[in-house]
Amino acid sequence: MLKKIEAALAAVQYPQSPEGLYEPIAYTLSSGGKRLRPTLLLLAYGLYRDDVDRALPAALAIETYHNHTLLHDDLMDHADVRRGRPTVHRKWDANTAILSGDEMLILAFRHLLKQDVEGDAARLQQLLSLYADTMQEICEGQQYDMNFEHADNVSVEQYIEMIRLKTSVLLACALKAGALIAGAPEEDADLLYRFGERVGLAFQLQDDYLDCYGDPAVFGKAIGGDIRCGKKTFMLISALQRANDEQRSALLSRDPAQVIPLYNALGIPQLCREKIEEMYAQAREAFDRIALPAERKQALWDYAESLLKRNK
């Protein structure tokens, strides 16, 4: 799947003018990455049909849109590096990141409009609505995340909803889109959405956990980055709910050397692992209800498991 996606991205022809608009787009989309979302879309399509190349326009759309969000996220976060290369606003400037990012959103819909959908015109309308709804939800999730930076009373439930909107819905969209394009039964398409949503939540919660307890060589980030940034995560929110006044002060110090031992003392690692297991179990329950032979579904399940580095 990855080779198909990379080849399709490389084959896109961008206009040569106006100068400065399209070069950052090609730069961004050629910088690699896991290509999770287009891979999930093609795997979901492949559950029902074997001609997976047919779903490449929608796969290009979701990857282009995802990278559009990264240009704006990097600018908002003042990030200097993405995938080992300077971010667009560092290599060019902030205005370029905004305008080229906006153009990527338009290009995503242009890719989507080229998509042939199995079934009647209503299916195409469903697909377009799915993408539009997802894009709106991601903006809502980003705003919640920004609001939480200055809030002292964020609950675990609010946090889970924020990461669902900001992260999970795009994975869910990819899976449901693949099913819609293939002409899958409505119930299966909805189950695939639920499956992707739960996998996305587990994935983000694992990211929170690994920020404190991962191997930097494997995780790809320095340990305690979220803590130093004062980011609201499942770990911090759960710890603040369990802490006394003295512990709360230390938890808000942004010092990993103080915060991580407190997480251990308050039982936060186990709490996070339990929440990951809960989401994982819900994902499996939705997956098992998809009315297809197990062998037909195995490639998708194996890929989802690989995202969480699970062996069971």
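How each quantity is defined
- Residues numbered from 1 in each chain as written.
- Predicted model: local features only at pLDDT ≥ 70, side-chain atom pairs only at ≥ 80, totals over all residues.
- Heavy atoms only, no water.
- 1 Å grid on protein atoms, 1.4 Å probe; cavity = no way out; pocket = protein on both sides within 12 Å on 5 of 7 lines; lining within 4 Å.
- Points joined across faces, edges and corners; volume = space filled by probe spheres on them.
- Helix = DSSP H or I, 4+ residues; strand = E, 2+ residues; numbered from the N terminus.
- Nonpolar A, V, L, I, M, F, W, Y, C, P; charged D, E, K, R; others polar.
- Phe/Tyr/Trp six-rings, centres within 6.5 Å; stacked < 30°, edge-to-face > 60°.
- Buried < 20%, exposed > 50% of the residue type's maximum accessible area, 1.4 Å probe, protein only.
- Contact = heavy atoms within 4.5 Å.

> Whenever I open this one, empty space enclosed by the protein confuses me. Can you help?
Sizing a probe to match a water molecule and rolling it over the atoms shows the empty space that remains. Following the criterion strictly, the structure yields one cavity of 30 Å³ or more and no others. By volume, the largest cavity amounts to about 120 Å³. Together, 14 residues line the largest cavity, and Thr28, Leu71, Asp74, Arg82 and Val88 are the ones closest to its centre. The greatest single-element share of the lining of the largest cavity, amounting to four residues, is contributed by helix H4 (residues 56–77). A breakdown of the residues in the lining of the largest cavity according to their chemical character gives five nonpolar, five polar and four charged.

> Would you explain the packing of aromatic side chains in this entry?
Geometrically, a pair of aromatic rings is defined through the distance of the ring centres and the angle of the planes. For the coordinates displayed, the defined rule picks out eight aromatic pairs. Where Phe195 meets Phe287, the ring centres are 5.1 Å apart and the plane angle is 45°; that geometry is what we call tilted. Here the residue Phe195 occupies a position in helix H9 (residues 186–213), and Phe287 occupies one in helix H15 (residues 268–288), the gap between them amounting to 92 residues. Summarising the burial analysis for this pair, Phe195 and Phe287 share the class buried. Each ring, one from Tyr280 and one from Trp301, has its centre 5.8 Å from the other, and the planes form 55°; the classification is tilted.

> Hey, could you run me through helix H12 (residues 234–242) in this one?
Given 3.6 residues per turn, any residue in an α-helix points the same way as the ones three and four places further on. Within H12, seven of the nine residues are buried, which leaves the element mostly enclosed by the surrounding structure. Contacts made by the buried residues of H12 are with helix H8 (156–182), H9, helix H13 (245–251), helix H14 (256–265) and H15.

> Teacher, can you tell me more about the layout of surface pockets here?
Each pocket or cavity is described by its volume, and for the second largest pocket that value is around 270 Å³. In terms of lining residues, the second largest pocket is bounded by 22 residues, among which Gly230, Lys231, Lys232, Leu236 and Leu252 are the most central. At the level of secondary structure, the elements contributing two or more residues to the lining of the second largest pocket comprise H9, helix H11 (225–229), H12, H13 and H14. Of the residues assigned to the lining of the second largest pocket, the class counts are ten nonpolar, three polar and nine charged.

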